[in-house]
Structure formats: structure tokens, C-alpha cells
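# Structural overview for review
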Amino acid sequence: MAKYPELISNFLEFVKINSRSDPQSKSIPSSKRETSFLNMLKERLTAMGLENVHTNPQSAYVFATLPANTDKKVPAVGFISHIDTADFNAENVKPQIVENYDGHSVIPLDKAGEYTLDPKVFPSLKKYQGQTLITTDGTTLLGADDKAGVAEILAAVAYLQANPDIEHGPIKVAFGPDEEIGTGADHFDVKDFGADFAYTVDGGPLGDLNYETFNAAEARVSIKGTDVHPAEAKGVMVNAIQFGMDFHAALPEYDRPEKTSGRQGFYHIYDFQGSVDHTELAYIIRDHDRDRFEARKRLFTGIADQMNKEFGEKRIQVELKDQYYNMGEIISKDPSVVEIAKQAMKNVDVEPHIFPVRGGTDGSKISYMGLPTPNLFAGGENMHGRFEYVSEQTMVKATDVIVEIAKLYTQQ
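The sections below set out a description of the structure shown in this document. (Residues numbered from 1 in each chain as written. Predicted model: local features only at pLDDT ≥ 70, side-chain atom pairs only at ≥ 80, totals over all residues. Heavy atoms only, no water.)

Secondary structure assignment for the protein chain yields 10 helices and 17 strands. Here the protein chain has a C-alpha radius of gyration of 24 Å; the compact-globule value for 412 residues is 22 Å, and the two agree. C-alpha extents for the protein chain along the principal axes are approximately 85 × 55 × 35 Å. Taking all 412 residues of the protein chain together, 53% fall into the buried category. Sequence separation of at least 24 residues holds for 79% of the intrachain contacts in the protein chain that already meet a minimum separation of 6. With the model as given, the accessible surface of the protein chain reaches about 18,400 Å², and the carbon-plus-sulfur share is 48%. Side chains of the protein chain give 42 positive and 61 negative charges; the mean places of these two sets differ by 2 Å. (Helix = DSSP H or I, 4+ residues; strand = E, 2+ residues; numbered from the N terminus. Rg over C-alpha atoms; globule rule 2.2 N^0.38 Å. Buried < 20%, exposed > 50% of the residue type's maximum accessible area, 1.4 Å probe, protein only. Contact = heavy atoms within 4.5 Å. Areas by Shrake-Rupley, 256 points an atom, 1.4 Å probe, with all protein chains shown as cover. Lys, Arg positive; Asp, Glu negative; His and termini not counted. Charge placed at Lys NZ, Arg CZ, Asp CG, Glu CD.)

Here it is, written out as C-alpha cells:
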């Protein structure tokens, strides 16, 4: 990787550092290990000679600037990645290198052979014939989501520094916490960051370019029961567990993640706990279309209202909280940020693969803060678990795209 000499070495260094976020924490960042990793990156950016390297106090993001090397009036373009990893073992990550993968062999992960990357199970492997893959050892995740993005941004900045003949405007860099628990961008400071357009480098395989996401809400359902002895239950007992089941059964049967795809939204129950006396259900509600999203929320609360009406009292309470919205609504007003990314990919022989994300990115929230922020591929496959892997060649292409975007903004 002579073009970007520290790309892979940085990545391998970063994934060995546990920076997992903590969904139970209310602090910013949610874990001290994230703070430690962000401080290390701040020192790295300072050593590289970037300017205005600092930690934003309200968000804990580390911001830095590579100054323009042109007298042209060029927009400031930002590149953003998160440093936390998902809710899976991130301690003692031991990345493995598979050189010149043949595209069809089974890759053993652990020594016992219990866990493997098998093309029959993971057909995406077939795309990587002749490439070098970085995998886990089967006991942890890898952390390519999103330490691949972190390494790629650093490599692109270093390349621009080493090649001053490449004309570029101000380059803004941001590394932040807690994306995996959905709170990282809640306090993002657009003014302090100082970019006119930005990109999260947090996508999946080669060519992925996303500027549409779900509209998202979290919902919690609390059901108050009446617990009496079953022998005396008739006409008296209110079984909160049963009514939790009834509530869930009243939702559309096929509007579930496992039965939907593309632009189809869903209700996803991810926690159900309780007793006859009290039961709690937790959901996420998703849809790409804002009107359908609002209709989903109305249906959800309407079921509770109808059940309470039948009870003759309010035994079911619903708490709904919007999490983020489809950034496509913002970017559609000025799609130039996407057009530049598409052109950059084509310029470095990458075919753009544009599709609506069945999820969200930090860019979903940041776009609604006034900074249009689509999402670029970083290379990871099978993210968030022991079967995660990334191609070195894809990471190089992702870095190429970042550099090319910086160049294109000077040509507008």
C-alpha cells in the first residue's frame, strides 16, 4: 500500500484498541475507553501538523483542519467517522490477514474451526478474489465499522499533505463517539466544525453511496396489570404479559424487519420483559417516507388508545421519541454534494452503488442541523460481529475517493 503507507498499519493498530460504546451510560462519551481513543487521535492529528485540533466540549468530537493550499474560493469539505464499535466483544481483537484470497475457499477464523467465513453462507466473499482480506479470529468483532473510516480519512489527509501539487480547499476532519448507540451526533457542533458540505465515511462495501435513510422513532410501551391468584382471577386479573402479547399482535403482521426490504418500513420489537403485574415492551419504528412514518406512529399509539378504551381506564402508556429523519429530504434541496461524490467514485474507477439505507447514520442528524452529509463506503462487510471483514484494496479505493472529492471541490 505504497500510495498510503500508514493506511493499513493505522487500521490494524486502531482495531486492537477497545473503544466500544456503552448503551447504559448517560455520559458523553458513553465510555472512558472512547475518550482515551479520541485523545490518541487528537495527538495524532496534532503530530501530523493539522490546525485547530481540539475537542468540542459539547459533543466530545475531535475536530481538525487541513488548510487550503489554493487562493480559489473553495467550500470547506468535511469528513466524519465514529470511533466506537458495536455491542459485541471488542476486547483483545486479533486481526488476521488473508492474502490473495481465491474467492471460493472457506476461511477459518478460530483455531478450533468453529467459526468460518464460508462463501456459501457469505456470498459477498466471491467479490474479493485476488484481494487481501482482514478478518477477526472468531472471538471478537473487527471494528472496521468505523475504524476503517478513521484510517482512510487520516491516510487521505496525509496524502494531500505529501502532495502539495494537489489543489484543495479547507479540509475539515471530525472523529466522534457513540454512533453505535445512536447518540453520537446529538450534540454535533456544526458551527465549530466549520464545513460547508460533509461526508460520513461509514458505509459498507465498495461503491456504496447513501443519501437516504430511514425516519426513525423509539417507542416504549408500559402495561399495568392486576395480579391475583389464578383461582380467583375471573373478572379480576389483568395479565400485563397477555395484553403485551395482544398489543404486539395488533400491529401489522408482516411489517417486521425479517419480512421487509428496500423502502418497506417496519415495527421492530427488541425487548419484552415483565410479569402479570407490569410489562414493558420496547420497539423501534422505521420508514423512509415521512408521511408513512407519521402514520406508523399514529397506528402505534392508536392501538394503545383502543385498548385503554376497552379497559375503561388508562393501563397502557406509550412513550414515543423521534431519533432521526431521512436526510434525503435535506440533500434533495441541493444534490451537488452527492453529484460530487458520484463523480469522484467514477474518476477512480469505482461504480457508485446508491440505495436507501435501512438504518441511519450520524449524517442523518447532522444534515438536519444544516450541514448536508451523505455517507461514503468504508469497506466493511458483515459488520457488528465475529464474521466481520474488510478488503485492503477497498480501503485504498475509499481513500482514493476522499482525495478525489477534495480535488473536485476546487473545480466547481
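With that settled, consider the sheet that holds strand β17 (residues 389–391). Here we have three strands laid out as an open sheet, ordered β4-β7-β17, and antiparallel in their pairing. Taken across any chain shown, the strands that pair with only one partner, and hence form the sheet edges, are β4 (96–98) and β17. Between one strand and the next, the sheet's axes are offset by a mean angle of 25 degrees, whatever the strand orientation. Here strand β7 (residues 133–135) runs beside β17; their pairing, made up of three bridges, is antiparallel. Among the inter-strand pairings, Thr135 is bridged to a residue of β17, identified as Tyr389. (Pairing = 2+ DSSP bridges. Axes fitted to C-alpha atoms, helices over the stretch in contact; angles between N-to-C directions.)

Residue placement: Glu404 occurs in helix α10 (residues 392–408). We classify Glu404 as buried; its relative accessible area is 11%. If sequence neighbours within four positions are ignored, Glu404 has contacts with Ala344, Asn347 and Val348.

Attention now goes to the pattern of salt bridges. Within this structure, the stated rule accounts for 17 salt bridges. Linking Arg296 and Asp287 is a salt bridge whose minimum nitrogen-to-oxygen distance equals 2.8 Å. Taken individually, Arg296 and Asp287 each receive the classification buried, so the pair is uniform in this respect. A salt bridge links Arg290 to Glu329; the shortest N-O distance between them is 3.6 Å. Of this pair, Arg290 sits in helix α6 (residues 290–311) while Glu329 sits in helix α7 (residues 328–331), placing them 39 residues apart in sequence. Each of Asp255, Asp287, Arg292 and Arg296 takes part in one network of salt bridges that share partners. (Salt bridge = Lys/Arg side-chain N within 4 Å of Asp/Glu carboxyl O.)

A few words now on the packing of aromatic side chains. Counted under the stated rule, the structure contains 19 aromatic pairs. Relative to Tyr159, the ring of Tyr4 lies with its centre 5.3 Å away and its plane at 65 degrees, an arrangement referred to as edge-to-face. You can see Tyr4 sitting in the segment before α1 (7–15) and its partner Tyr159 sitting in helix α3 (residues 144–162), a full 155 residues away along the chain. Tyr159 matches Tyr4 in its accessibility class, with the two residues each being buried. An aromatic cluster is present here, built from Tyr61, Phe63, Phe188 and Phe193 joined pairwise through their rings. Its guanidinium or amino end placed over the ring of Tyr159, Lys3 lies 5.5 Å from that ring's centre, counting from NZ or CZ. (Phe/Tyr/Trp six-rings, centres within 6.5 Å; stacked < 30°, edge-to-face > 60°. Lys NZ or Arg CZ within 6 Å of the ring centre and 35° of its normal.)

For the rest of this paragraph, the subject is the nonpolar core. Phe11, Phe79, Phe175, Tyr199, Leu376 and Ile405 are the most contacted members of the largest nonpolar core, which has 65 residues in total. Of all the elements, α3 adds the most residues to this core, at 11 residues. In this structure, Phe79 is in contact with Ile153, Ile171, Lys172, Val173, Ala174, Phe193, Tyr199, Val201, Leu376, Ile402 and Ile405, ignoring residues within four places of it in sequence. Val221, Ile223, Leu281 and Ala304 belong to the second-largest nonpolar core, a separate cluster that totals 17 residues. (Core = buried A, V, L, I, M, F, W, Y, C linked by side-chain atoms within 4.5 Å.)

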